[in-house]
Amino acid sequence: MNREHFVYDFLAAKKAGKEHSEEEIRTFFSMMMKDDIPDYQISAWLMAVCIKGMTFNEVVHLTLAMRDSGRTLNLDSIPGIKLDKHSTGGVGDKTTLVIVPILAAAGVPILKMSGRGLGFTGGTTDKLGSIPGFRTGLSIQEAVAQVQRWGGAMVSQVSDLSPADKRLYALRDVTATVDSIPLITSSILSKKLAVGADVILFDVKIGSGAFMRSLDEGMELARMLIRVSKAAGKDSVALLTNMDEPLGRAVGNALEVREACELLTYPHSADRRLLELCREMVANGLTLAGKKKSINEGYEEFDRILNSGDGARSLERIVSAQGGDPSIVAHPEFIPSTDNIIEVRAERPGYVTQIHAGECGRIAMAIGAGRSKLENDVNPSAGIVLNCHIGDYVERSQVLTLLHDPMGLMNDEILARFRSAIVIKAERTASTPLLYGELSSLNSTEEECIP
Ligand code: URA
């Protein structure tokens, strides 16, 4: 095959809206992985995909070609139905830190690989990095052995999973081609399929602090994730959840670990929305992994594990197995924090009608909680603690939030931006639901599972 002609014709075909065959996609990716295609041609193809889209079959072939571009793990030595979980990314989303230990305590094996945070959404690896001594860089053998022993492990993603995604994502980021459902689906799923769990639980976030801004877009992504997973032989459930305001009270690495430990140790004082989402995810995870027959049975199991302290003990075991200090679970106050805390007070009485999640994430990033480039460091104790939610009534001068600013980066401009992210009005507006809906591939043929 003539290389020049193949790549040129491949790009021209997508520009004309034609469907690529499996063989063409595999050839393109194998050339790309041999460094036979320059960035400008890959970028041109990404733009054509963004504009012309892809058929369902193309997305399946693309996802599998990307999965096969690197290492694929074999988790067969772990008994039981292995579950994996993926959130499309939000602000204050610390659900992994809660649901991994609870699912592990319920007998659902879970080897959770996560990335570092980029942009205004946090990464679980950074959050775990704020636990003194905690090692996220376990080898695959260590992680598998830990799941065999304790049911769960939370580790950083190994670098040779879906290397094609790494190459594409770096180009998508700078060519305005991130927001494409086929490209997002293949990016997420190529990594999940390479990890090799049996079933996958997705949390597709929708709102100002998420990739997907509208419910329609979120539904489209959820539907594609479920259908492509099914085509790859995996059952899955996707929850569609609200990300207009940050999830829970804390935004920032150590602050989020602290909130997750507090939820497991003192569930009765936990943030209601965070608790509700964790409960929903665990109940769905338990049915997906065949541990429970119905969602109601799943809720009961969640409540039992949480309220008995089994969830907290499970997190202690995981933290200890990964070299961290397990006493932080019962004593979250041991997690490193800063004394430089700035109070932000309400300028008028009224109802909170907006806490802009995206802006909260960007402000947390500006004071050190996140990074705009992967090579930057984060400061574990930087972040925001929210004392209010959308719908709450607040008095004038009431403390709305605490800004944890260990490096003294706060200035008037950031403060003004933060103030305008929280809107207080005389009239109360209806609060939006946390859970918009869910899609599942369970007990359905591929077509039937699409509402
Ligand atoms: N998360 C990913 O892993 N990839 C995307 O393209 C978007 C979100």
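Refer to the structure above for everything that follows.
Residue numbers restart at each chain and count upward from 1, following the sequence in its written direction. Thresholds applied to this predicted model are a pLDDT of at least 70 for local features of residues and 80 or more for the giving and counting of side-chain atom pairs; totals over whole chains, interfaces and linings are not thresholded and use all residues. In computing side-chain properties, one takes all heavy atoms of the structure into account and sets aside hydrogens as well as water.

Points about the overall build of the chain
Right, on to step 1. Scanning the chain from N- to C-terminus turns up 17 helices and 13 strands.
Right, on to step 2. As a reference, a globule follows 2.2 Å times the number of residues to the power 0.38, and the radius of gyration itself is taken over C-alpha atoms. Over its C-alpha trace the chain gives a radius of gyration of 22 Å, about what one expects of a compact globule, namely 22 Å for 451 residues.
Right, on to step 3. Dimensions along the principal axes, computed over C-alpha positions, put the chain at roughly 70 × 50 × 40 Å.
Right, on to step 4. Here the chain, with 451 residues, has 56% of them falling under the buried criterion.
Right, on to step 5. Restricting to contacts in the chain with at least 6 residues of sequence separation, those with at least 24 account for 79%.
Right, on to step 6. Accessible areas in this description were obtained via Shrake-Rupley with a 1.4 Å probe; residue shielding takes into account the shown protein chains only. Of the accessible surface of the chain, which amounts to about 18300 Å², a share of 49% is contributed by carbon and sulfur atoms.
Right, on to step 7. Lys and Arg are tallied as positive, Asp and Glu as negative. Neither His nor the chain termini are counted. Just so you know, the charge point we use is NZ for Lys, CZ for Arg, CG for Asp and CD for Glu. Charge separation in the chain, taken as the distance between the mean sites of 49 positive and 58 negative side-chain charges, equals 1 Å. Numbering of helices and strands runs from the N terminus, with a helix taken as a DSSP run of H or I at least four residues long and a strand as a DSSP run of E at least two residues long. Partly exposed describes any residue whose relative accessible area lies between the buried limit of under 20% and the exposed limit of over 50%, with all areas from a 1.4 Å probe on protein chains only and scaled to the type maximum. Only heavy atoms matter for contacts: two residues are in contact if any of them lie within 4.5 Å across the pair.

What about the environment of Arg-417?
Right, on to step 1. Tracing the backbone through its elements, the reader meets Arg-417 in helix H17 (residues 412-421).
Right, on to step 2. Given a relative accessible area of 26%, Arg-417 falls into the partly exposed group.
Right, on to step 3. Between the C-alpha atom of Arg-417 and that of Glu-438, which follows or precedes it by 21 residues, the distance is 34 Å.
Right, on to step 4. If near-sequence neighbours (up to four positions away) are discounted, Arg-417 is found in contact with Glu-359, Arg-362 and Ile-363.

What about unusual backbone geometry?
Glycine aside, a negative phi is what most residues show, and trans is what most peptide bonds show.
Right, on to step 1. Of note, Asp-35 is a non-glycine position whose phi angle comes to about 65°, a positive value.
Right, on to step 2. Checked against the element boundaries, Asp-35 lands in the loop between helix H2 (22-33) and helix H3 (39-52).
Right, on to step 3. Its relative accessible area of 59% is what places Asp-35 among the exposed residues.
Right, on to step 4. Residues other than glycine seldom take positive phi values, yet Ala-176 does so here, at roughly 55°.
Right, on to step 5. Secondary-structure assignment places Ala-176 in the loop between helix H8 (163-174) and helix H9 (181-195).
Right, on to step 6. With a relative accessible area of 60%, Ala-176 lands in the exposed category.

Overview of the sheet that holds strand E10 (residues 393-394)
Right, on to step 1. Read across the open sheet, the three strands follow the order E10-E8-E12; overall the sheet is antiparallel. Each edge of the open sheet is held by one strand with a lone partner, namely E10 and strand E12 (422-425).
Right, on to step 2. Across the sheet, H17 is in contact with strand E8 (350-355) and E12; its angle to E12 comes to roughly 50°. Pairing between strands is defined by DSSP: at least two bridges between them are needed. Helix axes use the C-alpha atoms of the stretch in contact, all axes being lines fitted to C-alpha atoms, and the angles between their N-to-C directions lie in the range 0 to 180 degrees.

A short note on the sheet that holds strand E11 (residues 399-404)
Right, on to step 1. One open sheet holds the four strands; their spatial order is E6-E9-E11-E7, and the pairing between them is antiparallel. Taken across any chain shown, the strands that pair with only one partner, and hence form the sheet edges, are strand E6 (250-251) and strand E7 (341-345).
Right, on to step 2. Here E6 pairs with strand E9 (residues 383-386) via two bridges, running antiparallel. Across the sheet, Val-251 pairs through a bridge with Ile-384, a residue of E9.
Right, on to step 3. Along the sheet, H17 makes contact with E7, E9 and E11, crossing E7 at roughly 45°.

As for the packing of H8 against H9
Right, on to step 1. As a packed pair, H8 and H9 sit with axes 10 Å apart at the nearest point and diverge in direction by 145°. Viewed along their axes, H8 and H9 form a crossing whose handedness is left-handed. Of H9, the residues touching H8 (which contributes Asp-165, Tyr-169 and Arg-172) are Leu-183, Ile-184, Ser-187, Ser-190 and Lys-191.
Right, on to step 2. Polar here means any residue other than Ala, Val, Leu, Ile, Met, Phe, Trp, Tyr, Cys and Pro, which are nonpolar, and Asp, Glu, Lys and Arg, which are charged; Gly is therefore polar. Considered class by class, the residues forming the contact of H8 with H9 number three nonpolar, two polar and three charged. Take the far helix as your reference; a near helix turned counterclockwise from it by less than a right angle gives a left-handed crossing, and one turned clockwise gives a right-handed crossing.

Description of the site of the ligand
Right, on to step 1. Any residue with a heavy atom positioned within 4 Å of a molecule or strand is treated as near that molecule or strand. Around the ligand sit Tyr-169, Arg-172, Ile-184, Ser-187, Ile-188, Lys-191 and Phe-211, and those are all the residues in its vicinity.
Right, on to step 2. Two N or O atoms count as a polar contact when they lie within 3.5 Å, although within protein this holds only if one can serve as hydrogen donor and the other as acceptor, and sequence-adjacent residues are included solely when both atoms are side-chain atoms. Contact distances for the ligand include 2.9 Å between an oxygen atom and a side-chain N or O atom of Arg-172.
Right, on to step 3. In this structure, an oxygen atom belonging to the ligand sits 2.5 Å away from a side-chain N or O atom of Lys-191.
Right, on to step 4. Coverage of the ligand by the protein chains reaches 89% of its 240 Å² of free accessible surface.
Right, on to step 5. Under a 2 Å grid-point criterion requiring more than half of the atoms, the pocket assigned to the ligand is the largest pocket. Here a cavity is any set of points on a 1 Å grid over the protein atoms alone where a 1.4 Å probe fits but cannot get out, and a pocket is any open set with protein on both sides within 12 Å along at least 5 of 7 lines; a residue lines the site when it has an atom within 4 Å of a point. Cavities and pockets are treated as containing a molecule whenever more than half of the molecule's atoms lie within 2 Å of their grid points.

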